[in-house]
Amino acid sequence: EVQLQESGGGLVQPGGSLRLSCAASGFTFANYAMSWVRQAPGKGREWVSGISGTGGTSYTDSVKGRFTISRDNAKNTLYLQMNSLKPEDTAVYYCAVDLRHRRHCRDIGDFDTWGQGTQVTVSS
């Protein structure tokens, strides 16, 4: 059974940091590009960052220089280090993958497998 399990969310003050993790199982993790997607209250899902199986990374403009995506293929785990957090980063954060086509996706509709999400709240 394919599973993606996020963890590491919480409440943090503006300017603070959090590290999200996504534990993957049920597929050959190293062979797939992975992404982080977020959904803010009352808004649609937004692609945040992606990483190829070999470590190539990409980010949406609003998080460049503040967020770092990484992966440990030996541990089947995806990470998102979030620094200098802003209130507008408040959202449920999901890890996602396109298992069927193995694409390095940015369009939300292209992902076919999602975790359950972890809440990140940035507030003083």
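Residues numbered from 1 in each chain as written. Predicted model: local features only at pLDDT ≥ 70, side-chain atom pairs only at ≥ 80, totals over all residues. Heavy atoms only, no water.

Draft legend 1. Region of the structure containing the side chain of serine 58. The topology assignment puts serine 58 in strand S6 (residues 57-59). Relative accessible area serves as the criterion here: at 13%, serine 58 is assigned to the buried category. Filtering out sequence-adjacent residues up to four positions away, serine 58 remains in contact with Trp47, Val48, Ser49, Gly50, His104 and Arg106. (Helix = DSSP H or I, 4+ residues; strand = E, 2+ residues; numbered from the N terminus. Buried < 20%, exposed > 50% of the residue type's maximum accessible area, 1.4 Å probe, protein only. Contact = heavy atoms within 4.5 Å.)

Draft legend 2. Main features of the environment of serine 21. Relative to the assigned elements, serine 21 resides in strand S3 (residues 18-25). On the accessibility criterion, serine 21 (17% relative accessible area) is buried. The sequence separation of serine 21 and glycine 44 amounts to 23 residues, and the corresponding C-alpha distance is 22 Å. Here serine 21 is in contact with Gln5, Glu6, Ser7, Trp36, Thr77, Leu78 and Tyr79, once residues within four sequence places are set aside.

Draft legend 3. Geometry of the nonpolar core. With 29 residues, the main nonpolar core has Trp36, Leu78, Met82 and Tyr93 as its most contacted residues. For this core, the secondary-structure elements that each account for two or more residues are S3, strand S4 (34-39), strand S5 (45-51), strand S7 (67-72), strand S8 (77-82), strand S9 (91-97) and strand S11 (118-122). Counting residues in each nonpolar core, the second largest holds five residues, with Val37, Trp47, Ala96 and Phe111 among its members. (Core = buried A, V, L, I, M, F, W, Y, C linked by side-chain atoms within 4.5 Å.)

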